[in-house]
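# Observations on chain architecture
These are the residues of each chain, in order.
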Amino acid sequence: MEITRKNFKESLPLVIDSINAADFVSIDGEFTGLSKGVKSHAFDTPKERYQKLREGAVDFLIIQFGLCTFTYNAEHDKYIVKAFNFFVFPNPLNRQAPDARFLCQASSIGFLAGQGFDFNKVFHEGIPYLNFLDEKKMRENLQERQKQNLNNSAHYYSPAYESPALKGPLVIPEEHRSYIEAACNSIEKFTKDDSEKTLALPPSNPYQRKLIYQAARIKFRTGIQLDTQTGENRERFVVVSKVTDEERKNMENAKRDAEIEELEDAVGFCKVIQALSKSGKLVVGHNMTLDFLHVIHQFCNPLPEVCRCTGITLTCKYLHRDRNLTAI
């Protein structure tokens, strides 16, 4: 089953249910590169081996993740296999979200191209993700921003309320005064024109928009709602709407819910990794050390620069000798 950003949300429950029902799972990744030219050899110490693999995991990306779940059917003495193929790419949620930088290795890209790999699908439809650290930062920033917006809008509902940010006279720098005065005049005319429902102010920079919000909250206590939107050319501007207090409350609640949902969507593919970790199921694969390091660094937490391990134990088993696996 092929899963992209378009069908990830609707497919996620099936993926999680399949993981939880499985006896074991297998994984495999496709990368933008494997190494920076430093080859591993048999006489590497565990720390040297880790350092070489870490460089590849940090600099390159997983852009396709294969997951198969295996569930034993005792009645028919065979395994039921469900295969999922995820296209993943770290598209940033917004300007505050991390904007990933990564390397590509010519031989790896050439190999994928030779196998018919669809790079357009990765870049246009890749499932986004936020690792644990980035998710935590984004949630904290969102909570702080929503709390501030709630405090700043409280005076609309209680005329006696005075936001701490608005105590004292509003100081507008000279270079912005004419723009803010023109914006307030436009809003005042707009409120008196019953034929218009919305007003788009000229494009502005973040500081000008902040001044518009503050000035409008002081001058127009009720009856309007201000929102920032992005135009076709990525320009940002303030849109003023006529609303009642009840409509404003509903709009702001809907906006907060949409922001939370947007963040959940940005966590994206990491929810699959979280489900794998929570399930505690056995994960098998071929030469998976690099895959595991990529998964940890890309979808969990950044890999430490130094591996504090004293040794590595590898256990190899011939799974085909297991009676229950002969049907695979």
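An account of the accompanying structure is given in this report. (Residues numbered from 1 in each chain as written. Predicted model: local features only at pLDDT ≥ 70, side-chain atom pairs only at ≥ 80, totals over all residues. Heavy atoms only, no water.)

The next point concerns the sheet that holds strand 6 (residues 224-230). Sheet strands pair via backbone hydrogen bonds, and the direction of the pair is either parallel or antiparallel. In space, the three strands of this open sheet follow the order 5-7-6, with antiparallel pairing throughout. Taken across any chain shown, the strands that pair with only one partner, and hence form the sheet edges, are strand 5 (198-200) and strand 6. Strand after strand, the sheet turns through a mean of 25° between neighbouring axes, direction not considered. The sheet contact formed by strand 5 and strand 7 (residues 236-242) spans three bridges and is antiparallel. Looking at the pairing, L199 lines up with V240 of strand 7. Sheet contacts for helix 6 (residues 174-192): strand 5, strand 6 and strand 7; angle to strand 7, the most-contacted strand, approximately 30°. (Pairing = 2+ DSSP bridges. Helix = DSSP H or I, 4+ residues; strand = E, 2+ residues; numbered from the N terminus. Axes fitted to C-alpha atoms, helices over the stretch in contact; angles between N-to-C directions. Contact = heavy atoms within 4.5 Å.)

Before going further, it helps to spend a moment on the pattern of salt bridges. By the definition in use, this model includes 12 salt bridges. Close ionic contact of D44 with K52 constitutes a salt bridge, the shortest N to O distance being 3.1 Å. Each member of the pair, D44 as well as K52, carries the same accessibility label: buried. Among the salt bridges present, the one from R177 reaches E174, with a minimum N-O distance of 3.0 Å. Residue R177 and its partner E174 are located together in helix 6, separated by three residues, close to a single helical turn. Residue class for R177 comes out partly exposed when judged on its relative accessible area of 36%. A single salt-bridge network, built from bridges that share partners, covers E135, R139, E264 and K271. (Salt bridge = Lys/Arg side-chain N within 4 Å of Asp/Glu carboxyl O. Buried < 20%, exposed > 50% of the residue type's maximum accessible area, 1.4 Å probe, protein only.)

By size, the foremost hydrophobic cluster in this structure holds 43 residues, and its most contacted members are F65, L67, F86, F269, V272 and F299. Breaking this core down by element, the ones donating at least two residues are helix 1 (8-21), strand 2 (24-31), helix 2 (46-59), strand 3 (62-73), strand 4 (78-87), helix 4 (119-125), helix 9 (270-279) and helix 10 (289-300). Residue contacts for V272: discarding those within four places in its chain leaves F8, L12, V15, I19, L67 and F86. Of all hydrophobic cores here, the second largest spans 19 residues; its members include I180, A216, F220 and V238. (Core = buried A, V, L, I, M, F, W, Y, C linked by side-chain atoms within 4.5 Å.)

When the terminal C-alpha atoms of helix 6 are compared, their 28 Å separation across 19 residues agrees well with the 27 Å that a helix rising 1.5 Å per residue should span. Looking only at helix 6, the buried set comprises H176, Y179, I180, A183, C184, I187 and F190. Buried positions in helix 6, seen along its axis, are confined to an arc of 135° and lie on one side of it. Looking at helix 6, the residues exposed on the side facing more than 90 degrees away from the buried face are E174, S178, K189 and K192. (Expected span 1.5 Å × (residues − 1). Arc of directions from axis to C-beta.)

Attention now moves to the pairing of strand 4. Sheet topology places strand 1 (residues 2-3) next to strand 4; two bridges connect them, and they run parallel. In the strand pairing of strand 4, I3 is matched with F86. In this sheet, strand 4 lies alongside strand 3 in antiparallel orientation, the contact comprising 10 bridges. In the strand pairing of strand 4, G66 is matched with N85. What sits between the antiparallel neighbours strand 3 and strand 4 is a turn of four residues, in which D77 has the positive phi angle 55°.

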